Amino acid sequence: MHPLAFPGAHIPADAIPPEMVAEALSSLTPFTTDLFVPRYQPCEVGRWQLRVAPMLVSSGYWSPALMTTGTAALFRREADGDPRCWMSMTPMEIESQEIGVRAAAGHTVVMGMGMGWAAVNAALRPEVTRVTVVELDPDVIEVNRRIGLFDQLPAEAVAKIVLVNADALEFRTEEPADTLMTDIWLPINGDERMEQSRVMARNTGARRVYVWGQELAIARRARMLGVELTDAMVARIVAEFDLPLIGPERPDYPVLIASAADKWLRDM
């Protein structure tokens, strides 16, 4: 098995000579985070398959290429029979969600369960009183049950979590959301998420929202306007989106947006 690929990722074992792999790995910084990363194990339910790569090198959302070990990813078998990765515990995925996770407070609604990472980290925060996880596909919920995701949490964190099998665009909550995190899309880049997140925010009465990939949506709008990313311009674009976004309050946010856009905004 190639040390830099997920099993079945169609990378030939001899794609990179072993000596080049060893040299590359020796110069890379291991990825670390103070956030909780669950233990994952291979599992298959319906069209979904959870795989674990022994070693992986990948670029972060705004960090350089980093090395990870025991990196899990969730694949779905598509209509053509090929598996497609929907989520992974790579630096890109963690960094692209952590602003929302670190800001979660009160009643937190997570739209899209994935591998449960955002939900469990929100539940571990003392500022969070309740976590409502909305997932459309019951097989995704079953994958997380089989790997014992919530069994890895303290009882007080588990007690906060409520799982709902529902469509994120139709789900409504009686208790308004203090924090809403939306992540129901396969690509990280796409403006439809802002319109759809407005629907989810209205349906949940969300006071603050973090949209997966919102930095790329802001950067794309700035490029369309032909303007530089400044605090004032970010505020103007966020006002256009008509969402109470988490992130713009950070003094380094324009720099983070530009860094993510340089790596991941590839359609402009």
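**With respect to the overall build of the protein chain**
Right, on to step 1. Within the protein chain one finds nine helices and ten strands.
Right, on to step 2. Here the protein chain holds 268 residues, and the buried ones make up 52% of them.
Right, on to step 3. Long-range contacts, defined as pairs at least 24 residues apart, comprise 68% of the intrachain contacts of the protein chain with a sequence gap of at least 6.
Right, on to step 4. Here the protein chain has roughly 12400 Å² of accessible surface; of this, 54% comes from carbon and sulfur atoms.

**Things to note about unusual backbone geometry**
Right, on to step 1. Notably, Asp242 is not glycine yet its phi reads approximately 55°, a positive angle.
Right, on to step 2. If you trace the backbone, Asp242 turns up in the loop between helix H8 (231–241) and helix H9 (253–264).
Right, on to step 3. Given the relative accessible area of 57%, Asp242 is considered exposed.

**Some words on the sheet that holds strand S10 (residues 209–211)**
Right, on to step 1. Taken together, the five strands give an open sheet; going across it, the order is S8-S7-S6-S9-S10, and neighbouring strands pair in parallel fashion. Every interior strand has two partners, whereas the edge strands, strand S8 (161–165) and S10, have only one. Strand-to-strand twist in this sheet, taken as the mean axis angle between neighbours without regard to direction, amounts to 15°.
Right, on to step 2. Here strand S7 (residues 128–135) pairs with S8 via five bridges, running parallel. When the sheet's bridge partners are listed, Val134 is paired in S8 with Val164.

**Comments concerning the pairing of strand S6 (residues 106–111)**
Right, on to step 1. Of all six residues in S6, six are buried, a share of seventy percent or more.
Right, on to step 2. Pairing of S6 with S7, which is carried by six bridges, proceeds in the parallel orientation. Residue pairing across strands places His107 opposite Arg130, the latter belonging to S7.
Right, on to step 3. For the handedness criterion, the β-α-β arrangement of S6, helix H3 (residues 117–123) and S7 is classed as right-handed.
Right, on to step 4. When S6 meets strand S9 (residues 179–182), the two strands line up parallel, connected through four bridges. In the sheet register, Val109 faces S9, and the bridge partner there is Leu180.

**Quick look at the pattern of salt bridges**
Right, on to step 1. The tally for this structure, following the rule as stated, stands at 13 salt bridges.
Right, on to step 2. As a salt-bridge pair, Asp34 and Arg102 come within 2.6 Å of each other at their nearest N and O atoms. Of the two residues, Asp34 is situated in the loop between strand S1 (29–30) and strand S2 (43–45) and Arg102 in helix H2 (residues 91–103); the sequence distance between them amounts to 68 residues.
Right, on to step 3. Assessed through its relative accessible area of 35%, Arg102 is described here as partly exposed.
Right, on to step 4. The residue Glu142 makes a salt bridge to Arg146 at a minimum N-O spacing of 2.9 Å. In this pair, Glu142 and Arg146 both sit in helix H4 (residues 138–146), four residues apart, roughly one turn of the helix.
Right, on to step 5. When salt bridges with common partners are traced through the structure, they connect Asp34, Glu98 and Arg102 into a single cluster.

**Side note on helix H6 (residues 192–204)**
Right, on to step 1. For H6, spanning 13 residues, the distance from its first C-alpha to its last is 19 Å, which sits close to the expected 18 Å at 1.5 Å a residue.
Right, on to step 2. By the burial criterion, the buried members of H6 are Arg193, Met194, Ser197, Met200, Ala201, Asn203 and Thr204.
Right, on to step 3. In the core, the buried residues of H6 are packed alongside S6, S9, S10, helix H7 (214–225) and H8.
Right, on to step 4. Immediately downstream of H6, the backbone of Gly205 shows phi near 65°, a positive value.

Rules and cut-offs
Residues numbered from 1 in each chain as written. Predicted model: local features only at pLDDT ≥ 70, side-chain atom pairs only at ≥ 80, totals over all residues. Heavy atoms only, no water. Helix = DSSP H or I, 4+ residues; strand = E, 2+ residues; numbered from the N terminus. Buried < 20%, exposed > 50% of the residue type's maximum accessible area, 1.4 Å probe, protein only. Contact = heavy atoms within 4.5 Å. Areas by Shrake-Rupley, 256 points an atom, 1.4 Å probe, with all protein chains shown as cover. Pairing = 2+ DSSP bridges. Axes fitted to C-alpha atoms, helices over the stretch in contact; angles between N-to-C directions. Right-handed = clockwise from strand over helix to strand, strands pointing away. Salt bridge = Lys/Arg side-chain N within 4 Å of Asp/Glu carboxyl O. Expected span 1.5 Å × (residues − 1).

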